[in-house]
Amino acid sequence: MTTVAPTVALASPATTPSPTPTGSSTLTSPANPQSTADPDSTASPTTSDDQSSQSTAGDHAMGSQIRANEQAPAAVRGLRSSTAVTTLTGVPGLDVSSHDGTVHWASRWAAGYRFVWVKATEGHTYTNPLSTTQASGASQTGLLHGRYHFAIPSSSSGADQARYFSDNGGGWTADGRTLPGALDLEYNPYSGGDCYGLSQSQMTAWITSFDSYYAARWGRYPIIYTSRSWWDMCVGTNLAATNLLWIASYRSAPSTLPMGWQVHTVWQYSDAPFDQNQFNGSSTQLAALASVPSPAPGYPTTGPIGAKYAVARNLLGAPTAPMVNLPDGGSYQFFRNGVVTYSRATGAHEFHGAISTKWRSLGISTALSSLGYATSDGDSRVTFQKGGILNNPGRGHAYLIRGAIWSTFQSIGGVSAMGLPKSDEVNGRAGGVRRMSWFEAGAITWGIDGKTFPVRGAIYKTWTLRGSEKSRYGRPVSNEYHQGRQTRQNFSNGYVLAYQNGKVTEIRTH
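Since the structure is predicted, the reported quantities are computational estimates derived from the model, not experimental observations. (Residues numbered from 1 in each chain as written. Predicted model: local features only at pLDDT ≥ 70, side-chain atom pairs only at ≥ 80, totals over all residues. Heavy atoms only, no water.)

Asker: Even after reading the chapter, I still don't get the packing of helix α4 (residues 158-167) against helix α5 (residues 200-218), so can you show me in this structure?
Answerer: Helices that pack against each other are described as a pair by the angle of their axes relative to one another and the distance between those axes. Closest axis-to-axis distance for the α4/α5 pair is 7 Å, and the angle between their directions is 40°. As judged from the angle between their axes, α4 and α5 are oblique. Helix-helix and strand crossings are classified by hand; for α4 and α5 the assignment is right-handed. The residues of α5 that touch α4, namely those facing Gly158, Ala159, Gln161, Ala162, Arg163, Phe165, Ser166 and Asp167, are Trp206, Ser209, Phe210, Tyr213, Tyr214, Arg217 and Trp218. When the residues that make up the contact of α4 with α5 are grouped by side-chain class, the tally is eight nonpolar, four polar and three charged. (Axes fitted to C-alpha atoms, helices over the stretch in contact; angles between N-to-C directions. Helix = DSSP H or I, 4+ residues; strand = E, 2+ residues; numbered from the N terminus. Parallel < 35°, antiparallel > 145°, perpendicular 65-115°, else oblique. Left-handed = near helix turned anticlockwise from the far one by under 90°. Contact = heavy atoms within 4.5 Å. Nonpolar A, V, L, I, M, F, W, Y, C, P; charged D, E, K, R; others polar.)

Next comes the structure, spelled out in structure tokens:
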């Protein structure tokens, strides 16, 4: 698991953001922006006056809804005014979508552009058909490249869209060429209101869900693209501790930034003849954004999480990200070797090693929804409100047990009765088994009738030898019980397996 490190030091982290960082390169904008149109693009150059070419059903270009809704005066949109700034300091870059067609990257490189974000996905159903081709062309030309996701928070959860984005090119790798994924948050292009029908707290929860999945899977948070007006209206929350800011502002320089941010990382300043951006730093700092980021020192550990860290510092190592506060009042924080979670009901608990690796692999939102908060500490067997994660050193993995199967596992004696788990919970294959977990000394099944039963010992060995739930016996429908000197167990297909004197026999009941 890659360490989550959300921030990259910028050249000008001043209280009043400046688009002129120290040591940056310079791009001189042409007096007539239309003259830089790519002659080899298969798509007609778009301008801020032609929203139809940047907004089609299911496929919206970055900034198309900000331009459509905030209606900057024509004199400043696209930096077209004769009084607009013509010299920008920083590293010039681009963003592209399917509306840009086939891009002639050599021309863009010759014009001074050094990075690009390519649209990958929108909502949970649309994928840019040119995404791979556009990103590959940019990379081969030498541009640093990343992907962006146009969020539709009303269509599915943040974690679901982060997963869709990640599965369709939106990931990150520490290769020195790939920029972190970008989350495009702007006005709703459909019905339901500018904020997608969500309150500020609901929108914050949606973004946190997206962030958590992305950070758990890729080891860093996405950069957030937005405008100050939309963010302050629809979110109104400070996420500067986790997410870098990509600000859309079609003025001579970004004015007041959205709540919480003191400096921007990228500025989208023009859409003529194509979307143009400026990285707020030097070329070296831009390269660092695409490399393995060093954890920013000094992340505070406060409150109950801080108290737990004080006694587990040697196990956990240094904090690698700020503490994240969740809408339900709980919180968590990442450390070099582990995690601490806290809720009022459970208190603060740390887990590290294989347990932490397994928990993070689930994604934060999935881990919290399926397991709840930790109720014990450790690196071998950690309990949670709804389940547990147990490490099996012999197999080199930690495994998740939860829900009804977890309750049965606990009630019959846990590891002493079943041994360590050797699988996560899996789907049953037949016999009316919905879900099941395998252990070194048995199995626990959850049937279509909602009941769970363990199978273990000699009866388990016979059952698995015949094919377990796929066998003629079916699934267990009783616990073990004694009849005379025999230990028996009933199965769904009308069989009883009976153990006596080291031998298991089958009894057909109907």
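After that view of the structure, there is still more to cover.
Asker: How should the sheet that holds strand β18 (residues 381-383) be read in this particular structure?
Answerer: Neighbouring strands of a sheet are bound in pairs by backbone hydrogen bonds; such pairs are parallel or else antiparallel. Spatially, three strands are ordered β18-β19-β20 in an open sheet, and the strand pairing comes out antiparallel. Pairing within the sheet leaves two strands with one partner each, and these edge strands are β18 and β20 (397-402). Between one strand axis and the next, the sheet turns by 15° as a mean value, whatever way the strands run. Contacts from helix α9 (residues 353-361) reach β18, β19 (387-392) and β20, with the element oriented near 125° to β19. Sheet contacts for helix α11 (residues 403-411): β18, β19 and β20; angle to β20, the most-contacted strand, approximately 100°. (Pairing = 2+ DSSP bridges.)

Asker: Can you walk me through the packing of aromatic side chains in this structure?
Answerer: How two aromatic rings sit relative to each other is set out by the distance from centre to centre and by the angle between their planes. Taken as a whole, this structure holds 22 aromatic pairs when the rule is applied. Taking the centre distance of 5.3 Å and the plane angle of 65° together, the rings of Phe351 and Trp359 count as edge-to-face. Grouped by ring-pair contacts, the aromatic residues Trp438, Tyr460, Trp463, Tyr473, Phe491 and Tyr495 constitute a single cluster. Over the face of the ring belonging to Trp109 we find Arg114, whose NZ or CZ atom lies 3.6 Å from the ring centre. (Phe/Tyr/Trp six-rings, centres within 6.5 Å; stacked < 30°, edge-to-face > 60°. Lys NZ or Arg CZ within 6 Å of the ring centre and 35° of its normal.)

Asker: Is there a simple way to think about the state of the cysteines in this case?
Answerer: Note on terminology: disulfide describes a covalent bond linking the sulfur atoms of two cysteines. Inspection of every chain in the model, using the stated rule, returns one disulfide. Covalent S-S linkage joins Cys195 and Cys234, the inter-sulfur distance amounting to 1.9 Å. Across the disulfide from Cys195 to Cys234, rotation about the S-S bond amounts to roughly -75°, and the bridge is consequently left-handed. Residue Cys195 is found in the loop between β9 (182-184) and α5, and its partner Cys234 is found in helix α6 (residues 228-234); the two are separated by 39 residues along the sequence. (Disulfide = S-S within 2.5 Å.)

Asker: Could you clarify how one ought to interpret the sheet that holds strand β23 (residues 442-447) in this entry?
Answerer: Spatially, the four strands line up as an open sheet ordered β21-β22-β23-β24, and their pairing is antiparallel. A single partner strand is all that each edge strand has here, and the edge strands are β21 (426-427) and β24 (452-456). Pairing between strand β22 (residues 433-439) and β23: six bridges, direction antiparallel. Note that in β23 the partner of Met436 across the bridge is Thr445. Against the sheet, α11 contacts β22, β23 and β24, and its axis sits at roughly 135° relative to β23. Against the sheet, helix α13 (residues 457-465) makes contact with β22, β23 and β24, and its axis sits at roughly 95° relative to β24, the strand it touches most.

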